[in-house]
There are 2 protein chains.
Amino acid sequence: MLDRIGDKWTVLVVSTLSAGALRYSDLQASIAGISQRMLTQTLKHLERDGLITRTAYPEVPPRVEYELTDLGRSLLGAVTAMAGWAAAHHSEIARNRAASELTGVGRGKPSAGASAG
Amino acid sequence: MLDRIGDKWTVLVVSTLSAGALRYSDLQASIAGISQRMLTQTLKHLERDGLITRTAYPEVPPRVEYELTDLGRSLLGAVTAMAGWAAAHHSEIARNRAASELTGVGRGKPSAGASAG
DNA sequence: CGGGATCCGGGGCGATACTG
DNA sequence: CAGTATCGCCCCGGATCCCG
């Protein structure tokens, strides 16, 4: 459950759909780095769980739109909180991580050199 | 980044630590299903990123306590939102998923029998 | 255009055994 | 009590090919 909704691609897809219905190709273009496989899979899971609806228009060329359901929108708060926090603190995290690199915090082996000074 | 903070174990560890400092074994007992490996790994990552502090007491038997930092507490909102949503809607999700099972939504192959009736 | 099927490598993750 | 090191399975996830 948490595995599903906390999933990176799920978070990105849901937050991307917050603006409104989007087509498959729009989603793929909006979400940097997502592969066809992951996008399709994530969309299916979200549809299965009732978080989004899938609407296929019998046109040519074919068009498919995805949109958040009410349940999906109820997740928006949590998801945007995650995404927002990530965006707001990612530089601070990076700094902390770099600092840990120097102090050796969070590493298993001190390894040669760390204890020499 | 999202991969890290959206991680199932991260969410559970952070939300578990919301009450206050806890020992390693307390965390393992509180978080059902977590393995020693994942707990240790998650704690290290969180410490590296500056979300928790690790305090070792030079006693016997040894005692180590983990506690959220201010940065960690700033994540609490998002994390509890996730955990709360998951808890609140997991039954609804389960129902939707079961319903999809019948309608065939979200499955690749209709397979024999699904289209017969 | 939207998406299904398949192949394949990397590594996440869970036991297990051991240490200090 | 609080970890660390190792092994092995499994599945994620990208690349590719193909179809309606």
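Residues numbered from 1 in each chain as written. Chains lettered and ligands numbered in written order. Predicted model: local features only at pLDDT ≥ 70, side-chain atom pairs only at ≥ 80, totals over all residues. Heavy atoms only, no water.

With that out of the way, let us pick up the sheet that holds strand β3 (residues 63-68) of chain A. Residue and element names in this part refer to chain A. One open sheet accounts for three strands, arranged β1-β3-β2; its pairing is antiparallel. The sheet is open, and its two borders are formed by β1 (22-23) and β2 (52-57), each paired with just one other strand. Where β2 and β3 come together, six bridges link them in antiparallel fashion. Counted as the bridge partner of T55 is E65 from β3. (Pairing = 2+ DSSP bridges. Helix = DSSP H or I, 4+ residues; strand = E, 2+ residues; numbered from the N terminus.)

Another aspect to go through is the interface of chain B and chain A. Every contact between the two is made by 36 residues of chain B and, on the other side, 36 residues of chain A. Between chain B and chain A, roughly 3,300 Å² of surface is buried when both sides are summed, and carbon and sulfur atoms account for 70% of that area. It is L2, R48 and W85 of chain B that lose the most area in chain B upon contact with chain A, and together they represent 22% of the buried surface on that side. Joining chain B to chain A, the criterion identifies two salt bridges. A salt bridge links R97 of chain B to D49 of chain A; the nearest nitrogen and oxygen atoms lie 2.8 Å apart. Linking chain B with chain A are eight residue pairs in polar contact (both at pLDDT 80 or more). (Contact = heavy atoms within 4.5 Å. Buried area = accessible area lost by both parts, 1.4 Å probe. Salt bridge = Lys/Arg side-chain N within 4 Å of Asp/Glu carboxyl O. Polar contact = N/O pair within 3.5 Å; in protein donor to acceptor, adjacent residues only side chain to side chain.)

Further remarks concern the UniProt feature "domain: HTH hxlR-type" (unreviewed entry) in chain A. Following the UniProt record, one finds the feature "domain: HTH hxlR-type" (unreviewed entry) at residues 1-94 of chain A. Its end C-alpha atoms 28 Å apart, residues 1-94 of chain A is made of 62% helix and 15% strand. (UniProt positions renumbered as here; feature names shortened; annotations may be inferred.)

For H89 of chain A, the location among the structural elements is in helix α5 (residues 70-103). Excluding residues that lie within four positions of it along the chain, H89 of chain A makes contacts with L71 and S74 of chain B.

Our focus in this paragraph is the environment of D49 of chain B. For D49 of chain B, the location among the structural elements is in the loop between α4 (36-48) and β2 (52-57). When its relative accessible area of 2% is taken as the criterion, D49 of chain B is described as buried. In this structure, the C-alpha to C-alpha distance between D49 of chain B and G72 of chain B, residues 23 residues apart in sequence, is 9.1 Å. Those residues in contact with D49 of chain B that sit more than four places away from it in its chain are I93, N96 and R97 of chain A together with R4 and L71 of chain B. (Buried < 20%, exposed > 50% of the residue type's maximum accessible area, 1.4 Å probe, protein only.)

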